[in-house]
Amino acid sequence: IAGITQAPTSQILAAGRRMTLRCTQDMRHNAMYWYRQDLGLGLRLIHYSNTAGTTGKGEVPDGYSVSRANTDDFPLTLASAVPSQTSVYFCASSDDSWETQYFGPGTRLLVL
Amino acid sequence: AQSVTQLDSQVPVFEEAPVELRCNYSSSVSVYLFWYVQYPNQGLQLLLKYLSGSTLVKGINGFEAEFNKSQTSFHLRKPSVHISDTAEYFCAVSFGNEKLTFGTGTRLTIIP
């Protein structure tokens, strides 16, 4: 069982470019989440999805969009990257007992 | 205002010594409390959680935490640490909305 996979592992991106971070889970979990992790700030929720076909905004949604076409995939898109979006991005999922979230290995993104 | 505070950004501890990592929160609603651990270059994994019942919660790897409602705290403890406990530890709180708000993290360094 792979759990949650994220791609790419790391990326250097020029400012203004569009970028999609991929997240796939094989646990058939209904809920999925995107967080960014920044030094001194911990993890902050960007967007979430309670079930396929629905999405919601988290604490820091500006500059990001998500879609949830099916249960397994939850891509995060940066339409026009800016240096402040340099971060480590984690995807997570949880089943109907939402209290336990399972995290992917993360994507390190550097925007220059 | 609802918030999660981890005052100690770094905690060095000698191997086989006890450790306590502090977590305090502020909330006007009932909370659920969590500790997650992040080993180097990995995603987060759940250590333990408090939802209800006994205020002393035992988790994986010999860790435990105690919910103290009057002091709004949920400190993490281990009686004897090992080199393998070197990691970053995040306290997280759900403020009644099935979403997690993370603290800024405490980096635990074990000194041989």
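Residues numbered from 1 in each chain as written. Chains lettered and ligands numbered in written order. Predicted model: local features only at pLDDT ≥ 70, side-chain atom pairs only at ≥ 80, totals over all residues. Heavy atoms only, no water.

(A) Expanded view of the state of the cysteines. Inspection of every chain in the model, using the stated rule, returns 2 disulfides over all chains. Between the sulfur atoms of A:Cys23 and its disulfide mate A:Cys91 the distance is 1.9 Å. Its torsion about the S-S bond being -70°, the disulfide of A:Cys23 and A:Cys91 is classed as left-handed. With a gap of 68 residues between them, A:Cys23 in strand S3 (residues 19-25) and A:Cys91 in strand S9 (residues 87-94) connect regions that are remote in the sequence. For B:Cys23, the disulfide goes to B:Cys91, at an S-S distance of 1.9 Å. Torsion about the S-S bond of the B:Cys23 and B:Cys91 cystine: about -60°, corresponding to left-handed handedness. Of this pair, B:Cys23 sits in the loop between strand S3 (19-21) and strand S4 (24-26) while B:Cys91 sits in strand S10 (residues 87-94), and the two are 68 residues apart along the sequence. (Disulfide = S-S within 2.5 Å. Helix = DSSP H or I, 4+ residues; strand = E, 2+ residues; numbered from the N terminus.)

(B) Spatial organisation of the packing of aromatic side chains. As enumerated under the stated definition, the model contains 11 aromatic pairs over all chains in all. With centroids separated by 5.4 Å and ring planes inclined at 90°, the aromatic side chains of A:Tyr35 and B:Phe102 adopt a geometry described as edge-to-face. You can see A:Tyr35 sitting in strand S4 (residues 31-38) and its partner B:Phe102 sitting in strand S11 (residues 101-102), one on each of two chains. Each member of the pair, A:Tyr35 as well as B:Phe102, is classed as buried. Ring plane angle 45° and centroid distance 5.4 Å describe the contact between B:Phe63 and B:Tyr89, whose orientation is recorded as tilted. With B:Phe63 in the loop between strand S7 (56-58) and strand S8 (64-68) and B:Tyr89 in strand S10, this residue pair connects regions lying 26 residues apart in the sequence. On the basis of relative accessibility, which here comes to 2%, the residue B:Phe63 falls in the buried class. Judged by relative accessible area, which is 0%, B:Tyr89 ranks as buried. An aromatic cluster is present here, built from A:Tyr33, A:Tyr35, A:Phe103, B:Tyr36, B:Phe90 and B:Phe102 joined pairwise through their rings. Residue placement shows A:Arg68 over the ring face of A:Phe74; its charged tip is 5.9 Å from the ring centre. (Phe/Tyr/Trp six-rings, centres within 6.5 Å; stacked < 30°, edge-to-face > 60°. Buried < 20%, exposed > 50% of the residue type's maximum accessible area, 1.4 Å probe, protein only. Lys NZ or Arg CZ within 6 Å of the ring centre and 35° of its normal.)

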